[in-house]
Amino acid sequence: MSINLIKGQRESLRAPKFTVGLGWDANSSDTGSAFDLDASAFILGENRKLLSDRHFVFYNNLQSPNESVMHTGDNLVGDAEGDDEQIIVDLSKIDPGASEICVVITIHDAAARNQNFGQVRNSFIRIFNTDTNEELLKYELEEDFSIETAVEFGRIYKKNGEWKFEAVGIGMKGGLQDYLDKFN
């Protein structure tokens, strides 16, 4: 049975292997450009910094070392039912120095396309058992991020040897480079 989370809520992850599904719908835009939202995962150490460049998983680096975090590929239009992009996580393979996986969504070329998350609706992050497809957790973003072009949807983190998920829902005006600057 799935648990619907609210912003800031934390829940234990009892499955060592799961899929993070991310979805959204773009409003019809007056910008003249299609929306291209991108999911990324940053594998961080205790210092909240990337373990290495290869621990940044996104459309140009689809897997981390040891294949512990794998992006299933870039969806350029995001108009499908269900998940628009997925990230598969296998905590049994994760680097022992990892203490957090930060999951963010950015709008590709947001400034040039005059786009922001205020033009996106029905955004969610969900975690489901990769083997059974049973949904474990879901967090639906309800805020209106009218100037933000990137959102940290959630984070998977280790506390006292146990992996947990936190529904974050914090927006940022910026893009992938801003997150790279934050986590490097």
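Residues numbered from 1 in each chain as written. Predicted model: local features only at pLDDT ≥ 70, side-chain atom pairs only at ≥ 80, totals over all residues. Heavy atoms only, no water.

Engineer: How would you explain the side chain of Ser64 if you had to name every residue and give the values?
Structural biologist: Locating Ser64 in the fold gives a position in the loop between strand S5 (56-57) and strand S6 (69-71). Taking the relative accessible area as the measure of exposure, Ser64 reaches 1% and is therefore buried. At 2.9 Å, the side chain of Ser64 forms a polar contact with the side chain of Ser68. (Helix = DSSP H or I, 4+ residues; strand = E, 2+ residues; numbered from the N terminus. Buried < 20%, exposed > 50% of the residue type's maximum accessible area, 1.4 Å probe, protein only. Polar contact = N/O pair within 3.5 Å; in protein donor to acceptor, adjacent residues only side chain to side chain.)

Engineer: Could you give an account of the sheet that holds strand S7 (residues 85-90), naming the residues involved and the relevant values?
Structural biologist: Taken in spatial order, the six strands make up an open sheet running S1-S10-S9-S3-S7-S6, and their pairing is mixed. Single-partner strands in this sheet number two, and they are strand S1 (3-5) and S6. For this sheet, the mean inter-axis angle between neighbouring strands, taken without regard to orientation, is 20 degrees. Pairing of strand S9 (residues 120-129) with strand S10 (residues 135-140) involves five bridges; the strand directions are antiparallel. Bridging from a neighbouring strand, Phe124 pairs with Glu140 of S10. (Pairing = 2+ DSSP bridges. Axes fitted to C-alpha atoms, helices over the stretch in contact; angles between N-to-C directions.)

Engineer: So what's going on with the nonpolar core? Residues and values would help.
Structural biologist: With 37 residues, the main nonpolar core has Val20, Leu22, Val69, Ile87, Ile101, Phe117 and Phe165 as its most contacted residues. For this core, the secondary-structure elements that each account for two or more residues are strand S3 (17-26), strand S4 (37-44), S7, strand S8 (100-107), S9, S10, strand S11 (150-159) and strand S12 (162-172). Once you skip the residues sitting within four places of it in the chain, Val20 turns out to touch Glu85, Gln86, Ile87, Val89, Val103, Ile125, Arg126, Ile127 and Ile156. Of all hydrophobic cores here, the second largest spans 12 residues; its members include Val104, Ala150, Tyr179 and Phe183. (Core = buried A, V, L, I, M, F, W, Y, C linked by side-chain atoms within 4.5 Å. Contact = heavy atoms within 4.5 Å.)

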